[in-house]
Amino acid sequence: MAGAAVASGGMGERVDWRLAAPLGLTYLAFFAAPFAILLGISFYADSEQTRLGLDSWTKFYGDAFYLKVIFDTLKLGVFAVAATTLLAYPLALLFRGVGPRAQRVLIFIILMPLLTSVVIRTFAWIVILAREGVVNQTLIRLGLTVAPLNLLQTELGLVIALTQIEMPLMLLPLLTIMNQTDQNLVDASRALGASKWRTFFRVILPLTLPGWIAGATLVFASATTAFISQSVIGGARLVYLPALIWQQSMVVYNWPFAAVASLTLLFTVLAGITALGWLGRFAKTN
Amino acid sequence: MTDMNRRDLWTGAAALGLAGLLPLRAHATGSLTAAIYPGTWEEAYRGVLAPALKKSADIDIAFDALFAVDQVAKVRAARGVPPFDCFVLDPGPAAAAMQAGLFEPIDASKLANASKVPAGLITSHAVTCNAQVVGIAYNPKKFATPPKSWADLFKSPYVERLGLTGFQTTFGTVSIIEMAKAFDGSIENMEPIFAELKKAVAKVAAVAAPAAMPGLFQQGQIDVMYTNTNTVAILKGRGVDIEFVKPDTGAITFQTTLHIVKGADNVANAYKYMDTAISAEVQGALQKQPYNMIPINKDVTLVDTLDIKSIDELTKMVTHDWTKINPQRAAWIERFNKEVTK
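Here is a short report on the structure shown in this document. (Residues numbered from 1 in each chain as written. Chains lettered and ligands numbered in written order. Predicted model: local features only at pLDDT ≥ 70, side-chain atom pairs only at ≥ 80, totals over all residues. Heavy atoms only, no water.)

### Brief notes about the pattern of salt bridges
Selection criterion: What makes a salt bridge here is a side-chain nitrogen of Lys or Arg within 4 Å of a carboxyl oxygen of Asp or Glu, nothing more. Put simply, DSSP H or I for four residues or longer makes a helix, DSSP E for two residues or longer makes a strand, and each gets a number counted from the N terminus. Exposure categories follow from relative accessible area, calculated using a 1.4 Å probe and restricted to protein chains: below 20% of the type maximum is buried, above 50% is exposed, and the middle band is partly exposed.
Considering all chains together, one arrives at 22 salt bridges over all chains under this definition. Between Glu196(B) and Lys199(B) there is a salt bridge, with its nearest N and O atoms 3.3 Å apart. One end of the pair, Glu196(B), and the other, Lys199(B), are both in helix 6 (residues 191–200), three residues apart, so they sit about a helical turn from each other. For the salt bridge of Glu313(B) with Lys246(B), the shortest nitrogen-to-oxygen distance reads 3.0 Å. Here Lys246(B) lies in the loop between strand 8 (243–245) and strand 9 (252–260) and Glu313(B) lies in the loop between helix 10 (280–286) and helix 11 (322–340), a separation of 67 residues in the sequence. Take Lys246(B): its relative accessible area is 34%, and that puts it in the partly exposed class. Taken together, the salt bridges that share partners define one network made up of Lys59(A), Asp63(A), Glu334(B) and Lys338(B).

In C-alpha cells:
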C-alpha cells in the first residue's frame, strides 16, 4: 500500500503511513508476536509442552462439552445484543425528540455506568439479584411470589446484568447516528401516509443500521469476553470460554489446551463481528 | 493565565524527578518485592509486617497482590526473570511450583525464629507462616441443629442451602476429598462423591467461584459452605450470622508457606522478611481481628476468636498429600465442570 502511495506521488499518503508506523509496530510486537506464540503453544500435545501434536485441538473439538461451551458463549453474546437493542432503540428515539438540555442530562445518565468499575457494577448486581436482594424483597412484599426467585447463577440473571453493564456501548454509536439522520425524511414518510411503525422500520431503522452494527459489535465482543460478570453472576454451573481459559492456564497449567480455548474464543468473537459486518453490507446493497 | 514555555516545563519535570529520587537515596538500605494474596493477607502484611520489617532491618517491601495459582503462572511465564522475590503459597500450588523448580533452597540457620516454630514447618524449600483450618460454616439463625458431618451437607435441610465450589482452590479440593471419604471414596477413588455431587447439584443454593462464596453467604444466597476459619472470623467481624463446625471426622488443616523465588535478586532481604513473618510479634498481631490468622509461633498465646485452642490441636487434624492430589487435579476439575454445568 505504501508502494502504491509513493508511485502515485501522493505526499499526503506517505505521511499518513509514517504517522501510523508507531502504532503499527506496537501492534506487531505486542499483538502479532504473542499471537504467534499462542498459536505455537496450541500445537503441543501435552501440558508439559514436550511433544508436538494436535491432541489439544482434537480433545477440545471432539468433546461435546466444549462444543456446548462455545455455543453457550455465542448464545450469551446474541442475548446481550438482543436485549440491549430492544432497550436502546426507544431511548435513542426519545433522545432524538428532546431538546439539547434534556439530551445533555440523558447523555450523563447513559455514561454514568461507565464511570464505575465493572467489578463494582457486577457486585452491585449480586446485591440486587440475591435471594434477599432488592428484586426478591420487592416481589415478596407485593405478594407476587412466596419463595424468593433464583436469579443469581442463572443465564437470565447474567443477561439482565450484562444488559445494564454493556448498555452504553450500544447507546453511544446509536445516539450519534440517530442525531445525524435527517428529520425531513421522517416527516416525508409520515406525510406520505406511513404509520409510525412503518416509518420506524422503513426509514429510521435502515438509516441507523450502521450505528446499530457498531454498537452490536462492541456489545457482542464485550459480553462474550466478560470474565468477571460471567464468573461472579453466572456462577460455576454456566461455563463460558473466558472462565475455561482461566481455569486451564492458571489452575491446571495445561497451556496448550488453554491456547486452543483462547484461539477459539478469538475466532468465535471475530466470526460474530464479521457476521455483523456482512449484515451491514447486505443492508446497504438493499 | 500564566505563560509557560518548554524550558520551564523541563525544569519543573526535572525537579519533580529529582524530588522523587531523593527519599530513596536518603533512607532505605534494602528493598524486596513479595507476592501476597489480595484481600485480608495484603492488608495484614502491609499493615503489620511491612512496618515491623522497616523498623527492624530498614527494608522497604513492594507487594504484588496475586492468588497462589497466579503467582506460579506469573513466575513460569517470566521464564527465569523473577517478577518478585518471595512467594506465599498453599500446598497445591506449592507442590506444583516445587516440581517446576521455581524455589531457591532454604537455609534455616539464617532464620533467628526457626526454633520457635514446631518441627516440620520449615523444610528444604519452604517456611510455614500460617496454618489454615477448613471445615463447615453455617448460619445458626437458619438451622435448629448445625450440620455435623461432611455427609450432612448432602442431606435436607442443608443441601438446599449449600454453596458448592470445585477443585480450583486448596480448601475446595481438600473439602471434596473429605466428602468423598464420607461416602466410602478416597483420593484414589472419587467416583462416589461425583455421584453425590451430580445428585445434589440440582438442589443446592449455588455453585459458584470460590472467591464469590463469602459474598453469597453475606447476602443470604447460601447458608452452608465449606471454608476456612479465617473467612468465618472475618464475616463474623462484619456482623454476619455464621458459625464454624469441625466435622465429626475432624477439621482439615494445611499450611501457608513462604518461598524464595528461583534466581531472586534480594535473597538476604527475603530471609529477613520470612524471619519477621514468623516472629512472635508479627504472628501475635496477625491472629487478632480483622486478620484472624492462625499463628505457628510457639511463643504466641492464641486469642479466643480463632475457633482453635492451641497450636498442638493442628497436629490432630486431617492433612493431605498434595503430590498425590496434583496429578489428578486436572481430571477432577474437568469432571466437576461436566457434572455441574446446566
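### Regarding the packing of aromatic side chains
Quick reminder of the rule: We call Phe, Tyr and Trp rings a pair once their centres come within 6.5 Å, taking the six-membered ring for Trp, and we label the pair stacked below 30 degrees between planes, edge-to-face above 60, and tilted otherwise. Cation placement over rings: the criterion is NZ of Lys or CZ of Arg within 6 Å of the ring centroid and within 35° of the ring normal.
Inspection of every chain in the model, using the stated rule, returns 22 aromatic pairs over all chains. Note on Tyr89(A) and Phe200(A): the rings are 5.5 Å apart at their centroids and 90° apart in plane angle, and the pair reads as edge-to-face. Taken together, the residues span a long stretch of sequence, with Tyr89(A) in helix 4 (residues 64–97) and Phe200(A) in helix 10 (residues 196–224) at a distance of 111 residues. Measuring from ring centre to ring centre gives 5.5 Å for Phe84(B) and Phe87(B), while their planes differ by 80°; the resulting arrangement is edge-to-face. In this pair, the class of Phe84(B) matches that of Phe87(B), namely buried. One aromatic cluster is present, formed by Phe43(A), Trp57(A), Phe60(A), Tyr61(A), Phe65(A), Tyr66(A) and Phe257(A) through successive ring pairs. Note that Lys59(A) overlies the ring of Phe257(A), its terminal NZ or CZ placed 4.4 Å from the centroid. In this structure, Arg76(B) packs its charged tip against the face of Tyr253(A), placed 4.9 Å from the ring centre.

### Some thoughts on the interface of chain B and chain A
Quick note on the threshold: By definition, residues are in contact when any of their heavy atoms lie within 4.5 Å. The term buried area denotes the loss of accessible surface (1.4 Å probe radius) that occurs when two parts are joined, taken as the sum for both partners. Definition of a polar contact: a pair of N or O atoms within 3.5 Å, with one able to donate and the other able to accept a hydrogen when the atoms are protein atoms, and with sequence-neighbouring residues admitted only if both atoms are side-chain atoms.
Contact with chain B, which involves 31 residues of that partner, is made by 28 residues of chain A. Between chain B and chain A, the buried area comes to about 2,900 Å², and carbon and sulfur atoms account for 56% of it. Broken down residue by residue, the surface that chain B buries against chain A is led by Gln219(B), Gln221(B) and Lys342(B), which jointly contribute 23%. Viewed at the interface, chain A and chain B are joined by three salt bridges. At the junction of chain B and chain A, the tally comes to ten residue pairs in polar contact (both at pLDDT 80 or more). When contributions to the side of chain B that touches chain A are tallied by element, the ones reaching two or more residues are helix 3 (68–78), strand 6 (206–207) and helix 11 of chain B.

### Thoughts on the nonpolar core
Cut-off, in case you're wondering: To qualify as a nonpolar core, a set must consist of buried Ala, Val, Leu, Ile, Met, Phe, Trp, Tyr and Cys residues joined through side-chain atoms within 4.5 Å.
Trp212(A), Tyr45(B) and Tyr273(B) are the most contacted members of the largest nonpolar core, which totals 167 residues. Setting aside chain neighbours within four positions, we find Trp212(A) in contact with Val81(A), Thr85(A), Tyr89(A), Met170(A), Leu174(A), Leu276(A) and Leu279(A). In terms of nonpolar packing, the next biggest core, distinct from the first, is built from 16 residues, Trp57(A), Leu241(A), Phe257(A) and Ala261(A) among them.

### Here's the deal with the pairing of strand 2 (residues 59–65) of chain B
Residue and element names in this part refer to chain B. The line we're drawing: When DSSP locates at least two bridges between a pair of strands, those strands are taken to pair. Call a crossover right-handed when, viewed with both strands pointing away from you, the route from the first strand across the helix to the second goes clockwise.
Judged from the seven bridges that link them, strand 1 (residues 30–36) and strand 2 form a sheet pairing that is parallel. Across the sheet, alanine 35 pairs through a bridge with aspartate 64, a residue of strand 2. Regarding topology, helix 2 (residues 40–57) serves as the crossover connection from strand 1 to the parallel strand 2, and that connection is right-handed.

### Brief notes about the packing of helix 4 of chain A against helix 10 of chain A
Helix-helix packing is described using two parameters, namely the angle between the two axes and the distance between the axes. Residues and elements named next belong to chain A. Which entries qualify depends on this criterion: Angles here are taken between N-to-C directions and fall from 0 to 180 degrees, while the axes themselves are lines fitted to C-alpha atoms, restricted in helices to the stretch in contact. Angles below 35 degrees are treated as roughly parallel, those above 145 as roughly antiparallel, those between 65 and 115 as roughly perpendicular, and all remaining angles as oblique. In this scheme the crossing of two helices becomes right-handed for a clockwise turn of the near helix relative to the far one and left-handed for an anticlockwise turn of less than a right angle. Ten residues, namely Ala, Val, Leu, Ile, Met, Phe, Trp, Tyr, Cys and Pro, are considered nonpolar, four, namely Asp, Glu, Lys and Arg, are considered charged, and the remaining ones, Gly among them, are considered polar.
As a packed pair, helix 4 and helix 10 sit with axes 9 Å apart at the nearest point and diverge in direction by 135°. The angle between the axes of helix 4 and helix 10 places the two elements in the oblique class. Between helix 4 and helix 10 lies a crossing whose hand is right-handed. On helix 10, the residues touching Thr73, Leu74, Leu76, Gly77, Val78, Ala80, Val81, Thr84, Thr85, Tyr89 and Leu93 of helix 4 are Phe200, Ile204, Leu205, Thr208, Trp212, Ala216, Val219, Phe220, Ala223 and Thr224. Here the contact of helix 4 with helix 10 is composed, by residue class, of 15 nonpolar, six polar and no charged.

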